[in-house]
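# A look at the structure
Residue-level listing of the chains:
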There are 2 protein chains.
Amino acid sequence: MSPKSQAETTRRPRGSLSRAEILQGAFALVSDDGVEAFSMSRLAKKLDIGVMSMYWYFRNKDDLLDALSDEAARRFAELLPDLSGYPWDEHLREYFRAFRRIYREQPVLRDLIIMRAPMQYRSHEALHSYFERLEREIAVLVDAGFTIDAAARAYAVLSIYARGCLINERLFADSGQERNSAEYNAALGQIDFAGMPYLAKVHGVWDPEVAMEGEFEHGLGLIIEGLRSMLEQTAKAPGT
Amino acid sequence: MSPKSQAETTRRPRGSLSRAEILQGAFALVSDDGVEAFSMSRLAKKLDIGVMSMYWYFRNKDDLLDALSDEAARRFAELLPDLSGYPWDEHLREYFRAFRRIYREQPVLRDLIIMRAPMQYRSHEALHSYFERLEREIAVLVDAGFTIDAAARAYAVLSIYARGCLINERLFADSGQERNSAEYNAALGQIDFAGMPYLAKVHGVWDPEVAMEGEFEHGLGLIIEGLRSMLEQTAKAPGT
DNA sequence: ACCTGAACACCGTTCAAGT
DNA sequence: ACCTGAACACCGTTCAAGT
């Protein structure tokens, strides 16, 4: 009956398993059910192996997830579009729009990269290609007149902001399902906005659904505007 | 010998337990050992009660943690300084400096508020006092000439940025201990910066320790600069 | 109404094998 | 060298009591 009935007592031959096969299965599992549903037992069952077999290739669960995040970071980098040719401000805007779009379209990548440690590039190759990307982004800003430091910091600020938005959206999404929309809206309905004239006019904005859409774009514009203002000031200042 | 020897067979009297006592114990436990170390069993042992006793007051672990976050949000609000009297830009800067300082000084609050769902204010009172705070912050910006919408969005952008920085610092802190500093630095050492002239000059900045300190301030200044620039443009535009 | 223990289905990992 | 099952110490929660 079960597909196992044949293999019930068979043991996998020596070279039949591999790091790559485990990672591939893990990626599929996280894709389908999310990181929080991922467990060593479930992966073992999916791959039809003993749980302990994976401990030959990975020290522990965390080590496996780290390798998985590294793989996710590689896939993410491949999805970034080529944006050469834009002026610096449009370049930044499009870069971080693409950044957000990719993570929103592929929740696996978001869960493995954004929601886990900020530095996923543990392997040498991944780290190298990350730095190359960074170098190109910094170059765009330096060519536009920013100092190297200002360029690096600008990229960092925008990254943190974009990551913050994605984390916010994620946390809202999975807490907002049952308990919040009910309890939160009930609590919200009871609020008396009489003493809060300003909030009364915008409190529609605090509806998560409404807020998130415009929010990211607005902050992106704000930070780029700050950069433009900074650039103009330093351009005037030195004089000679 | 053990303090339990007396009470070994005694059963707690009816009114001896309370929501407040459980939350207090839970807060202490999370303070001491962090959220990820928190478990129902540990809390029960600490309070010297049966594990199931807590399920009379809370539906489940998540429900308990939600209530705990609500309590944490209340404590956070009390720690915010009064900043009336500052001009709008200095006000924003000081507000979010205080925001970050509190969470850095009290990791419990950070773990319970920043690292969990973005909307912790489930109870009516907590939500109300949050909105009152929001109203005051928006008022500062509206008085300075911002539209209500721009003011609300400005606050949201700065919140997301500040939260993003705190999350980054947190994730770095607990992943950076053993595995990263060793493996990451090893990988970093192998990188050939020959083809990356800009990064070669700033890559000290990417050392987490160095980066984090100036990073927050820089982004704060950048966003406020963007706001100033926006304010000047709208002030000129309408004319009459 | 309030507190509890036994039992269940999970989890990650150690250890001592098997081949 | 590579794969495995039994066993351990945990976890959250259901259920069926106790008082």
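Below or above, wherever it landed, is the structure these notes cover. All values reported here derive from a predicted model rather than from experimental measurement.

## A closer look at the packing of aromatic side chains
One pass over the full model with this rule turns up 22 aromatic pairs over all chains. Centroid distance Tyr95 of chain B to Tyr155 of chain B: 6.0 Å. Interplanar angle 55 degrees. Geometry classified as tilted. Of this pair, Tyr95 of chain B sits in helix α5 (residues 88-105) while Tyr155 of chain B sits in helix α8 (residues 148-190); the two residues are 60 residues apart in sequence, bridging distant segments of the chain. Exposure class is identical for Tyr95 of chain B and Tyr155 of chain B. Each is buried. Chaining the aromatic ring pairs together yields one cluster made of Phe76, Tyr95, Phe96, Phe99, Tyr103 and Tyr155 of chain A.

## Digging into unusual backbone geometry
Residues and elements named next belong to chain A. Positioned with a positive phi, Asp48 is a non-glycine residue whose angle comes to about 55 degrees. Within the fold, Asp48 resides in the loop between α3 (40-47) and α4 (61-79). Its relative accessible area of 40% is what places Asp48 among the partly exposed residues.

## Comments concerning the protein's contact with DNA strand D
The full set close to DNA strand D counts 23 residues, and Arg11, Arg14, Ser53 and Tyr57 of chain A together with Met52 of chain B are the nearest of them. Sugar and phosphate atoms constitute 60% of the interface atoms of DNA strand D, taking the interface as everything within 4 Å of the protein. In the model, a phosphate oxygen of DNA strand D is placed 3.0 Å from a nitrogen or oxygen of the Leu17 of chain A main chain. The backbone of Met40 of chain B places a nitrogen or oxygen atom 2.9 Å from a phosphate oxygen of DNA strand D. Sort the elements by how many residues they give to the surface near DNA strand D and helix α3 (residues 40-47) of chain B lands first, with 3 residues. When its residues are assigned to classes, the surface near DNA strand D shows 9 nonpolar, 7 polar and 7 charged.

## Some words on α4 of chain A
Residues and elements named next belong to chain A. For α4, which comprises 19 residues, the first-to-last C-alpha distance of 27 Å matches the rise-based estimate of 27 Å (1.5 Å per residue) to within 8%. Among all positions of α4, only Asp63, Leu64, Leu65, Asp66, Ala67, Leu68, Ser69, Asp70, Ala72, Ala73 and Phe76 are buried. Its side-chain oxygen at 3.3 Å from the backbone nitrogen of Asp62, Asn60 defines the N-terminal cap of α4.

## Side note on the protein's contact with DNA strand C
Close to DNA strand C lie 22 residues; Met52 of chain A together with Arg11, Arg14, Ser53 and Tyr57 of chain B are nearest. In DNA strand C, the atoms that sit within 4 Å of the protein are 60% sugar and phosphate, with bases accounting for the remainder. Measuring from a phosphate oxygen of DNA strand C, one finds a backbone N or O atom of Met40 of chain A at 2.9 Å. Lys61 of chain A has a polar backbone atom sitting 2.9 Å from a phosphate oxygen of DNA strand C. Residues of the surface near DNA strand C, tallied by class, amount to 9 nonpolar, 6 polar and 7 charged.

## Observations concerning helix α5 (residues 88-105) of chain A
In this model α5 of chain A runs 25 Å from its N-terminal to its C-terminal C-alpha over 18 residues, within 8% of the 26 Å that 1.5 Å per residue would give. If you check which residues of α5 of chain A are buried, you get Trp88, Asp89, His91, Leu92, Arg93, Tyr95, Phe96, Ala98, Phe99, Arg100, Ile102 and Tyr103 of chain A.

## Quick word on the interface of chain A and chain B
Counting residues at the interface gives 65 residues for chain A, matched by 66 residues for chain B. For the chain A and chain B pair, buried surface summed over both sides reaches about 6,400 Å², with 71% attributable to carbon and sulfur atoms. Between chain A and chain B we count 2 salt bridges in total. Between Glu215 of chain A and Arg153 of chain B there is a salt bridge, with its nearest N and O atoms 3.7 Å apart. Listing elements by their share of the side of chain A that touches chain B, those giving two or more residues are α4, α7 (124-143), α8 (148-190), α9 (197-202) and α10 (208-236) of chain A.

## Observations concerning the relation of the copies chain A and chain B
With an RMSD of 0.0 Å, the operation that places chain A on chain B is a rotation of 180 degrees combined with a shift of 0.0 Å along the axis. As the rotation angle and translation indicate, the two copies are arranged about a two-fold axis. Ranked by how close their C-alpha atoms come to the rotation axis, the residues of chain A are headed by Gly226 of chain A, at 1.8 Å. Both copies present the same face, since 100% of the interface residues in chain A are matched by interface residues at the equivalent positions in chain B.

## Considering a nonpolar patch on the surface
Where nonpolar side chains cluster on the molecular surface, the patch consists of Val51, Met52 and Tyr55 of chain A and spans about 280 Å² of accessible area. Within the fold, Tyr55 of chain A resides in the loop between α3 and α4.

## A short note on the side chain of Arg110 of chain B
Looking at where Arg110 of chain B falls in the secondary structure, it is placed in helix α6 (residues 107-114). With sequence-adjacent residues up to four places away left out, Arg110 of chain B is seen in contact with Tyr103, Met115, Leu166 and Arg170 of chain B.

## Thoughts on the pattern of salt bridges
Residues and elements named next belong to chain A. Applying the stated rule across the entire model yields 38 salt bridges over all chains. Among the ionic pairs, Glu169 bridges to Arg104, the shortest N-O distance being 2.5 Å. With Glu169 in helix α8 and Arg104 in helix α5, this pair connects stretches of sequence that are 65 residues apart. Taking the relative accessible area as the measure of exposure, Glu169 reaches 11% and is therefore buried. In this structure, the salt-bridge partner of Arg170 is Asp111, at a minimum N-O distance of 2.6 Å. Of this pair, Arg170 sits in helix α8 while Asp111 sits in helix α6 (residues 107-114), and the two are 59 residues apart along the sequence. For the pair Arg170 and Asp111, one class covers both residues: buried. A network of salt bridges, in which partner residues are shared, links Glu36, Arg110, Asp111 and Arg170.

## A word on the packing of α5 of chain B against α6 of chain B
Residues and elements named next belong to chain B. Viewed as axis vectors pointing N to C, α5 and α6 meet at an angle of 110 degrees, and their least axial separation amounts to 5 Å. Taken together, the axis directions place α5 and α6 in an arrangement best described as roughly perpendicular. Judged by residue contacts, Phe99, Ile102, Tyr103, Arg104 and Glu105 of α5 engage Pro107, Leu109, Arg110, Ile113 and Ile114 from α6. In terms of residue class, the contact of α5 with α6 is built from 7 nonpolar, no polar and 3 charged.

Conventions we followed
- Residues numbered from 1 in each chain as written.
- Chains lettered and ligands numbered in written order.
- Predicted model: local features only at pLDDT ≥ 70, side-chain atom pairs only at ≥ 80, totals over all residues.
- Heavy atoms only, no water.
- Phe/Tyr/Trp six-rings, centres within 6.5 Å; stacked < 30°, edge-to-face > 60°.
- Helix = DSSP H or I, 4+ residues; strand = E, 2+ residues; numbered from the N terminus.
- Buried < 20%, exposed > 50% of the residue type's maximum accessible area, 1.4 Å probe, protein only.
- Near = heavy atom within 4 Å.
- Polar contact = N/O pair within 3.5 Å; in protein donor to acceptor, adjacent residues only side chain to side chain.
- Nonpolar A, V, L, I, M, F, W, Y, C, P; charged D, E, K, R; others polar.
- Expected span 1.5 Å × (residues − 1).
- Contact = heavy atoms within 4.5 Å.
- Buried area = accessible area lost by both parts, 1.4 Å probe.
- Salt bridge = Lys/Arg side-chain N within 4 Å of Asp/Glu carboxyl O.
- Least-squares fit on C-alpha atoms with pLDDT ≥ 70 in both.
- Patch = residues over 30% accessible without salt bridge, like charges linked within 9 Å, V, L, I, M, F, W, Y side chains within 5 Å.
- Areas by Shrake-Rupley, 256 points an atom, 1.4 Å probe, with all protein chains shown as cover.
- Axes fitted to C-alpha atoms, helices over the stretch in contact; angles between N-to-C directions.
- Parallel < 35°, antiparallel > 145°, perpendicular 65-115°, else oblique.

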